[in-house]
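This is what each chain is made of:
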Amino acid sequence: MTPTDRRTRRGDLALLWHQIRYEQLSFWRNPQNAIFTFVFPVAIMVIFGALFGGIAADSYFHGLSALRYYVPTIAALSVLSACYSQLAITLATRRHQGILKRAHATPLPAWTYFAGLLAHAVLVSVADVTLVVGVGVLYGVPVPAAGQWPEILLILVLGAAAFCALGVAVAGLIPNAEAAPSLVQLVQFPLVFISGTFMPIHSDMLNAIADILPVRPFNQALIGAFSEDGAFDLKSLAVLLIWGLAGTLIAVTRFRWDSQHAR
């Protein structure tokens, strides 16, 4: 690598770091974003800990205690909130306000802009998942063994990548900023409920439908990884991968910087 190449690489990394820092500052200075995306999953975990902390393992929770079930599902909700809903709403709002168009017209490379935004979403997810696991520990849920963490991290990375891709894809389909929150939540909330995030689903029909959608496989993969035997769910990971690839394809073909061309 030549000195010029090294300087160019350092410059690219500096730009990326600047963009990540900008996204972080923008996020934490907006209380509405921080509360709904960051605080909401942690608050849900605290409430569930108070409600179900004394419930032992039983068949309703598929042989797990209530909180050993909820730690992975609420961790999955944290990733979904940061990497799908918040990302889609942010991009749709910025496009409607002309921020994306102005950013695209600057010398900042498009890959740096998106890499910074996606890295920010992943950082929020990591912090939120850490807090959710910490709340679980306070209520007596054991910390996963060291050997389980590589699998947990792999699932979290794959889930974050898939939902980031879907978030960008959905942002390209949202017509304006006013429609963004309602359209995003119209998709997210039914998926969250039928996927067993807030309660186990014992309907074979609903489970069969949810199994081919992205949220339940993410939940199931994390439940298996957090369990004592650390079960590795390849089928769920394959479904996540397929949705991630589909989201990437739609994002690449449908995303627009200018709101006038969004459909």
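Further up the page is the structure itself.
The following paragraphs examine the structure supplied in this document.

Reading the values: the criteria
- Residues numbered from 1 in each chain as written.
- Predicted model: local features only at pLDDT ≥ 70, side-chain atom pairs only at ≥ 80, totals over all residues.
- Heavy atoms only, no water.
- Helix = DSSP H or I, 4+ residues; strand = E, 2+ residues; numbered from the N terminus.
- Buried < 20%, exposed > 50% of the residue type's maximum accessible area, 1.4 Å probe, protein only.
- Contact = heavy atoms within 4.5 Å.
- Lys, Arg positive; Asp, Glu negative; His and termini not counted.
- Charge placed at Lys NZ, Arg CZ, Asp CG, Glu CD.
- Axes fitted to C-alpha atoms, helices over the stretch in contact; angles between N-to-C directions.
- Parallel < 35°, antiparallel > 145°, perpendicular 65-115°, else oblique.
- Nonpolar A, V, L, I, M, F, W, Y, C, P; charged D, E, K, R; others polar.
- Patch = residues over 30% accessible without salt bridge, like charges linked within 9 Å, V, L, I, M, F, W, Y side chains within 5 Å.
- Areas by Shrake-Rupley, 256 points an atom, 1.4 Å probe, with all protein chains shown as cover.
- Salt bridge = Lys/Arg side-chain N within 4 Å of Asp/Glu carboxyl O.
- Left-handed = near helix turned anticlockwise from the far one by under 90°.
- Expected span 1.5 Å × (residues − 1).
- Phe/Tyr/Trp six-rings, centres within 6.5 Å; stacked < 30°, edge-to-face > 60°.

### Structural notes on the overall build of the protein
Here is step 1: Looking only at helices and strands, one finds 10 helices and zero strands in the protein.
Here is step 2: Helices (α) and strands (β) of the protein occur, in sequence order from the N terminus, as α-α-α-α-α-α-α-α-α-α.
Here is step 3: C-alpha extents for the protein along the principal axes are approximately 60 × 45 × 35 Å.
Here is step 4: The proportion of buried residues among the 263 residues of the protein is 48%.
Here is step 5: Look at the contacts in the protein between residues 6 or more apart in sequence, and 78% of them connect residues 24 or more apart.
Here is step 6: Taken as two groups, the 16 positive and 13 negative side-chain charges of the protein have centres that lie 16 Å from each other.

### So, the side chain of Ser 125
Here is step 1: By secondary structure assignment, the location of Ser 125 is in helix α5 (residues 110–138).
Here is step 2: Classification of Ser 125 as buried rests on a relative accessible area of 4%.
Here is step 3: Each residue touching Ser 125, except ones within four places of it in the same chain, is listed here: Ser 78, Val 79, Ala 82 and Cys 83.

### Describing the packing of helix α2 (residues 31–52) against helix α3 (residues 66–96)
Here is step 1: The N-to-C vectors of α2 and α3 enclose an angle of 170°; their axes lie 10 Å apart at closest approach. The orientation of α2 with respect to α3, classified from their angle, is roughly antiparallel. Along the contact surface, α2 presents Asn 33, Thr 37, Phe 40, Pro 41, Ile 44, Met 45, Phe 48, Gly 49 and Phe 52, while α3 presents Ala 66, Leu 67, Tyr 70, Val 71, Ile 74, Leu 77, Ser 78, Ser 81, Ala 82 and Gln 86.
Here is step 2: Here the residues of the contact of α2 with α3 are counted per class, giving 13 nonpolar, six polar and no charged.

### Comments concerning a nonpolar patch on the surface
Here is step 1: A cluster of nonpolar side chains, namely Phe 36, Phe 189 and Phe 193, defines an oily patch on the protein surface of about 250 Å² accessible area.
Here is step 2: Exposure remark for Phe 36: the relative accessible area of 32% places this residue in the partly exposed category.

### Thoughts on the packing of helix α9 (residues 215–226) against helix α10 (residues 234–254)
Here is step 1: Interhelical geometry of α9 versus α10 gives an angle of 140° and a closest axis separation of 8 Å. If you check the angle between α9 and α10, you find them oblique. The crossing of α9 and α10 is left-handed. Listed contacts from α10 to Pro 217, Phe 218, Gln 220 and Ala 221 of α9 are Ser 236, Leu 237, Val 239 and Leu 240.
Here is step 2: Taken together, the residues of the contact of α9 with α10 sort by class into six nonpolar, two polar and no charged.

### Some remarks on the pattern of salt bridges
Here is step 1: Tallied over the full model, the rule gives three salt bridges.
Here is step 2: Across the pair Lys 101 and Asp 258 runs a salt bridge, and its minimum N-O distance is 3.6 Å. Taken together, the residues Lys 101 in helix α4 (residues 99–105) and Asp 258 in the segment after α10 connect sequence positions 157 residues apart.
Here is step 3: Between Arg 216 and Asp 211 there is a salt bridge, with the nearest N and O atoms lying 2.6 Å from each other.
Here is step 4: For Asp 211, a relative accessible area of 28% puts it in the partly exposed group.

### Observations regarding α5
The periodicity of an α-helix, 3.6 residues per turn, causes residues three or four places apart in sequence to face the same way.
Here is step 1: In this model α5 runs 42 Å from its N-terminal to its C-terminal C-alpha over 29 residues, within 8% of the 42 Å that 1.5 Å per residue would give.
Here is step 2: One or two residues past the end of α5 sits Gly 140, with phi positive at roughly 100°.

### Quick word on the packing of aromatic side chains
Here is step 1: On inspection of all chains with the given rule, the structure shows 18 aromatic pairs.
Here is step 2: Measuring from centroid to centroid gives 5.5 Å for Phe 114 and Trp 257, while their planes differ by 75°, and the two rings are edge-to-face. Taken as a pair, Phe 114 in helix α5 and Trp 257 in the segment after α10 lie far apart in primary sequence, 143 residues in all. The burial state of Phe 114 is the same as that of Trp 257; both residues are buried.
Here is step 3: In this structure an aromatic cluster arises from ring pairing among Phe 48, Phe 52, Tyr 60, Phe 61, Tyr 69, Tyr 70, Phe 193 and Phe 198.

### Section: the environment of Ala 251
Here is step 1: The topology assignment puts Ala 251 in helix α10.
Here is step 2: Residues Ala 251 and Ala 208 lie 43 residues apart in sequence; the distance between their C-alpha atoms is 27 Å.
Here is step 3: Contact partners of Ala 251, with chain neighbours within four places excluded, come to Ala 165, Val 168 and Ala 169.

### Thoughts on the environment of Ala 88
Here is step 1: Counting through the fold element by element, Ala 88 comes out in helix α3.
Here is step 2: Residues Ala 88 and Val 137, 49 residues apart in the sequence, show an inter-C-alpha distance of 32 Å.
Here is step 3: Residue contacts for Ala 88: discarding those within four places in its chain leaves Gly 167, Val 170, Ala 171, Ile 174 and Val 184.

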